Every structure is written in structure tokens, then in C-alpha cells.
Amino acid sequence: LAPPYLLFWLLLNPLNSMLAYTLTQPSNAAYTYFPNSAATWFLSWLLVFQCGLALIDTLPTLPLPQFGRLVLMSLSVAMVQLLASVVCALAGSTLGFGEMPMMGPGGDGFFNLFGFVGGVFAKANQWLVPPLPPSLLRSARLYVLVMAVVVLCFFFLTLAPGAPGKDFAGTPVWTALFFALQLPLGPYCACILVVTVDVFQRHCD
């Protein structure tokens, strides 16, 4: 992970910025070389997670969480993510935390950590050796479908050109709902992982 991350951080991402500057030629700015992660921020955080994993000697034996417990755990993570989003918004941060996105429903910093930890426990406890329980899959698929519709309707009906709720967008209530979406997106993230694992088990194993 380190070599490709350093390649992007030191060379490719600055070159991308230079290309953007060359194409746009802004009149009130000048290009300055500045190493940055840009869309490859996840490589640096994977290195952080891997270093943390290397320090763990043993992991507890845990059963595969059922849907209800999975929702409760992911809601807890979503509450932390919501707090981080609000703090970043008040501080005026556009890079999130360590360039990991933290803002609004698009912020997924702690969800990434949740997924990594879940993968570690799944490997240690052999959760993925047998097929996932049908009850877990049914609930996860339904939740993914419902949340996909809710998110699409919320943004399409308020932000799309000519949307009926365009006057509502940007109001304090809309902004509060924008951040509140972080909570149901916690279980949504976990359920997407469950559905994705099932697809790989059935078609790519």
C-alpha cells in the first residue's frame, strides 16, 4: 500500500492539479506544488488500519451479529460520524479528518473504520465460511432498497433543476435533515456490505 500511496501523494495527484490549472488558467491564482491524497486518501487510512491490526495479538470469539444487533452497532457509529460531520462543518474543514471525507451524508470516515473492523472479526471468527443467514440477507436487502429510495427522493426532489422542493433546499430545516441522514446511513452502509458479501459468496467464490 505504501508505494502506490506515495506515488499518488507526491507525483500523480499534484500532476492532476497542475493539469487542472493548465486547462482552466485562472486569472487570480498560481499553481503551487502541493502533495495531496485527493481521491487516494483511503490508501493512507488502510495503512493506518493495517498498523493498528498488527498491534493486536488476539481477538475475542464472537458470533455473527443478527440484523437487529448490526443496526444498533452501525447506528452507534453513525452517531459518532454525525458528530464528526458537525464539528468539521463548524470548523470550516473541507478535507475532513486526515483527508477522509466527514461532511454530511457523503462523509464516511467512521463507516470505513466500521467496515474494516467488521472484516477483521469476520476473518477471525470464520463468519464468511458458511453462507450468510437468509434472515440477515432479507432484512439487509430490504433496508438497502428503502434507503436508496429515500436518499434519491430527498436530493432529487430538493436539488434537481425544477424540483418541487427547490425553495426548501438550503433552509435550516433542510440542512438539519441533510446532517440527520447520517444516522440511517450507518445501517445502510452495513447492509450494503452484507449484500455485497452475499453476491461474492454466490458468484465469485
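Refer to the structure presented above.
Residues numbered from 1 in each chain as written. Predicted model: local features only at pLDDT ≥ 70, side-chain atom pairs only at ≥ 80, totals over all residues. Heavy atoms only, no water.

Draft legend 1. Looking closely at the nonpolar core. Residues Leu-70, Phe-111, Phe-114, Leu-185, Tyr-188 and Val-194 are the most contacted members of the largest nonpolar core, which totals 16 residues. Sorting the residues of this core by element identifies helix H3 (67–91), helix H4 (109–124), helix H5 (134–159) and helix H7 (182–203) as the ones contributing at least two each. Not counting the four nearest positions on each side in its chain, Tyr-188 is found in contact with Tyr-143, Val-144, Met-147 and Ala-148. (Core = buried A, V, L, I, M, F, W, Y, C linked by side-chain atoms within 4.5 Å. Buried < 20%, exposed > 50% of the residue type's maximum accessible area, 1.4 Å probe, protein only. Helix = DSSP H or I, 4+ residues; strand = E, 2+ residues; numbered from the N terminus. Contact = heavy atoms within 4.5 Å.)

Draft legend 2. How the structure looks around the packing of H5 against helix H6 (residues 172–180). Where H5 meets H6, the axes come as close as 12 Å, and the angle between the chain directions of the two elements is 155 degrees. Comparing their axes, H6 and H5 come out roughly antiparallel. In this structure, H5 crosses over H6, and the sense of that crossing is left-handed. Within the contact between the two elements, H5 uses Phe-154, Phe-155, Thr-158 and Leu-159 and H6 uses Trp-174, Leu-177 and Phe-178. (Axes fitted to C-alpha atoms, helices over the stretch in contact; angles between N-to-C directions. Parallel < 35°, antiparallel > 145°, perpendicular 65-115°, else oblique. Left-handed = near helix turned anticlockwise from the far one by under 90°.)

Draft legend 3. Region of interest: the environment of Gly-165. Counting through the fold element by element, Gly-165 comes out in the loop between H5 and H6. Separated by 11 residues in sequence, Gly-165 and Phe-154 place their C-alpha atoms 9.2 Å apart.

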